[in-house]
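# Examination of the molecular architecture
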Amino acid sequence: MKHAISFILNQEEIQLTVDSHRTLLDVLRDDLGLTGAKQGCDTGECGACSVLLNGVVVNACMVLAPEADGAEILTVEGLADEEELHPLQRSFIDHHGVQCGYCAPGMLIAAKALLNRTSRPHEEEIREALVGNLCRCGAYPDIIKSIQVASRARR
Amino acid sequence: MHTFDYIRLHSLEEVAQHLAQGPGVRLMGGGNVLLLAIRRGEEAPQKVLDVKTIPELRDVRYHHNQGLKLGAAVPLQHLATGLEVRRHYPLLYQTAQKLASPQVRNRATIGGTLAWASPVSELAAPMLCYDTVCYLWSPRGRRDVPLHAFYLGDFRTVLMEDELITHVHLPPPPQRSHGVYLRQTVRHDGRRMIAATAVWAMRKQQNLTRWRIAVLGVDDRPKRIPEAEAALEGNPHPEDIQRALEIVQAHIHPQDVIYARADYRRVVLNALLQQGIHQVIHQLQSMRS
Ligand SMILES: Cc1cc2nc3c(=O)[nH]c(=O)nc-3n(C[C@H](O)[C@H](O)[C@H](O)COP(=O)(O)OP(=O)(O)OC[C@H]3O[C@@H](n4cnc5c(N)ncnc54)[C@H](O)[C@@H]3O)c2cc1C
């Protein structure tokens, strides 16, 4: 079954036709060329495909593309403001939150979801917010530090 | 992935129409279980019906005399953030916060989670302690089933082919009560459960009463152990607690899994339960009468 859908992606309106059984992740990566969200496990376990769907963090591999109809979606590509990196991105660079980089887009989006609801999270809250994001390099301490510094710098 | 038609539903009448067209139809809440099963080739539905868009399934209603009524399509994240849950059903709130990840909780629904009926479904533990009742609907009518009677074991439930969960109801919580949820899992996100338990009771004058013990990971379904609950009634002494623990051991049937042998799961459950019972007693006794 085909669905004509429209949604707001990184503040831009998108219209396209998708098959029922395709995932939001397939459409982002294959149809729209946004490869920031990664296809890691494809089972909802690793968080590498995290995006914000109507303001809350979800795994794009576990969302059907037609479910995006009418939604607002933010991917890592939409984090930066024109030329300027988002404070989280800046901080990940400055504090080595990126090692191999595979998990980074998902980590950034999960962190963004956290900062949207808690402006100054403490370490335990950051850890809880990242429980669904795996980093196979084991760079967790630097990732947590990056988020902490970014949250302090924000205001 | 296997192809199917995705259909957004807006009313129970629409559910009935689709279900009447025969097999090959599956309901979808958050899709965490269903989409995986389709991807693995374990299920091949022709139609996937999204129930999240049915307005009445998104209800959340709390009333101090009536308790809490939650629609089946309410996401689990609501249980980890909702003020009425935090205030009146703290055991549910605490358990939900530990359940899976924000990504999963934002999608997973109450109805999908209960219908999944896994022996390690963490939502079941606090819901069993709070005497939750499931409201079921089919074109033939409605019926209410207490959660403890809803599970049939091995991922089966009392749900008929053409039936769905519309709501769950949690009775009003008594004033002076306390519950704890304790789990031992291999992974920090709750996956690979060895064993878990929720223990709950209330205080009435000097008595600790209405004990609830729910166990996970040690049988073919999440379950209460009423015989052990009865052994704790009143003001349990150490020998009563010991007896309750022995009764629990006699009523469980853990399985070997790759990360934990059955006998280990027994020992772990025993330790968690002992800790849980003592914590509940301590909390209730330190409340002012
Ligand atoms: C990565 C990951 C980690 C997880 N970690 C944990 C954990 O730590 N602890 C834990 O307890 N669980 C965990 N889970 C399991 C998770 O809780 C369940 O997958 C989820 O709650 C299922 O809900 P859903 O709405 O997504 O179900 P769905 O997949 O939508 O549905 C499940 C089943 O229920 C049926 N169904 C859906 N809605 C209804 C309804 N209203 N009435 C009747 N039938 C219905 C569907 O047809 C399907 O058969 C994890 C899952 C994932 C993917």
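Here the structure is a predicted model, which means the values were calculated and not measured.

## Overview of the interface of chain A and chain B
On the side of chain B, 29 residues touch chain A, which itself brings 29 residues to the contact. Both faces considered, chain A and chain B share a buried interface measuring about 2,400 Å² in area, 55% of it formed by carbon and sulfur atoms. One can count five salt bridges joining chain A with chain B. We note a salt bridge from Arg191 of chain B to Glu45 of chain A, for which the minimum N-O separation is 2.5 Å. Counting every contact that joins chain A to chain B gives 15 residue pairs in polar contact (both at pLDDT 80 or more). Secondary structure elements with two or more residues in the side of chain A that touches chain B: β3 (50-53), β4 (56-59) and α4 (123-129) of chain A. Considering each element in turn, the side of chain A that touches chain B owes the most residues, four residues, to β4 of chain A. For the side of chain A that touches chain B, a count of residues per class yields 13 nonpolar, 11 polar and five charged.

## Quick look at the domain arrangement of chain B
Often the size quoted for an interface is simply the accessible area lost on bringing the parts together. Split by domain assignment, chain B resolves into domain 1 (5-50), domain 2 (55-170) and domain 3 (177-285). On a C-alpha basis, the centroid separation for the pair domain 1 of chain B and domain 3 of chain B is 36 Å.

## A few points about the packing of helix α2 (residues 87-94) of chain A against helix α5 (residues 140-153) of chain A
Residue and element names in this part refer to chain A. Packing of α2 against α5 brings their axes to within 8 Å, and their N-to-C directions diverge by 135 degrees. With respect to their mutual orientation, α2 and α5 come out oblique. You can see that α2 and α5 cross each other, and the crossing is right-handed. Here α2 contributes Pro87, Leu88, Ser91 and Phe92 to the contact with α5, which in turn contributes Ile143, Ser146, Ile147, Val149 and Ala150. Its residues assigned to classes, the contact of α2 with α5 comprises seven nonpolar, two polar and no charged.

## Observations concerning the sheet that holds strand β2 (residues 12-19) of chain A
Residues and elements named next belong to chain A. Read across the open sheet, the five strands follow the order β2-β1-β5-β3-β4; overall the sheet is mixed. With one partner strand each, in any of the chains shown, β2 and β4 form the two edges of the open sheet. Sheet twist, expressed as the average angle between the axes of neighbouring strands with direction ignored, equals 40 degrees. As judged from the two bridges shared by β3 and strand β5 (residues 72-74), these two strands associate in the antiparallel manner. Each residue of the ladder has a partner; that of Leu52, found in β5, is Leu74. Relative to β2, helix α1 (residues 24-31) is tilted by about 110 degrees, and along the sheet it contacts β1 (2-9), β2, β3 and β5. Packed on one face of the sheet, helix α3 (residues 104-117) meets β3, β4 and β5 and runs near 35 degrees to β3.

## Considering the pattern of salt bridges
Pairs can form between side chains of opposite charge once their charged atoms are near each other. Counted under the stated rule, the structure contains 22 salt bridges over all chains. The closest approach of N and O atoms between Glu123 of chain A and Arg127 of chain A, which form a salt bridge, is 3.0 Å. Here Glu123 of chain A and its partner Arg127 of chain A are both found in helix α4, four residues apart, which amounts to about one turn of the helix. Residue classification places Arg127 of chain A among the partly exposed residues on the basis of a relative accessible area of 40%. Between Arg140 of chain B and Asp162 of chain B there is a salt bridge; the shortest N-O distance is 2.6 Å.

How each quantity is defined
- Residues numbered from 1 in each chain as written.
- Chains lettered and ligands numbered in written order.
- Predicted model: local features only at pLDDT ≥ 70, side-chain atom pairs only at ≥ 80, totals over all residues.
- Heavy atoms only, no water.
- Contact = heavy atoms within 4.5 Å.
- Buried area = accessible area lost by both parts, 1.4 Å probe.
- Salt bridge = Lys/Arg side-chain N within 4 Å of Asp/Glu carboxyl O.
- Polar contact = N/O pair within 3.5 Å; in protein donor to acceptor, adjacent residues only side chain to side chain.
- Helix = DSSP H or I, 4+ residues; strand = E, 2+ residues; numbered from the N terminus.
- Nonpolar A, V, L, I, M, F, W, Y, C, P; charged D, E, K, R; others polar.
- Domains from an automatic or database assignment.
- Axes fitted to C-alpha atoms, helices over the stretch in contact; angles between N-to-C directions.
- Parallel < 35°, antiparallel > 145°, perpendicular 65-115°, else oblique.
- Left-handed = near helix turned anticlockwise from the far one by under 90°.
- Pairing = 2+ DSSP bridges.
- Buried < 20%, exposed > 50% of the residue type's maximum accessible area, 1.4 Å probe, protein only.

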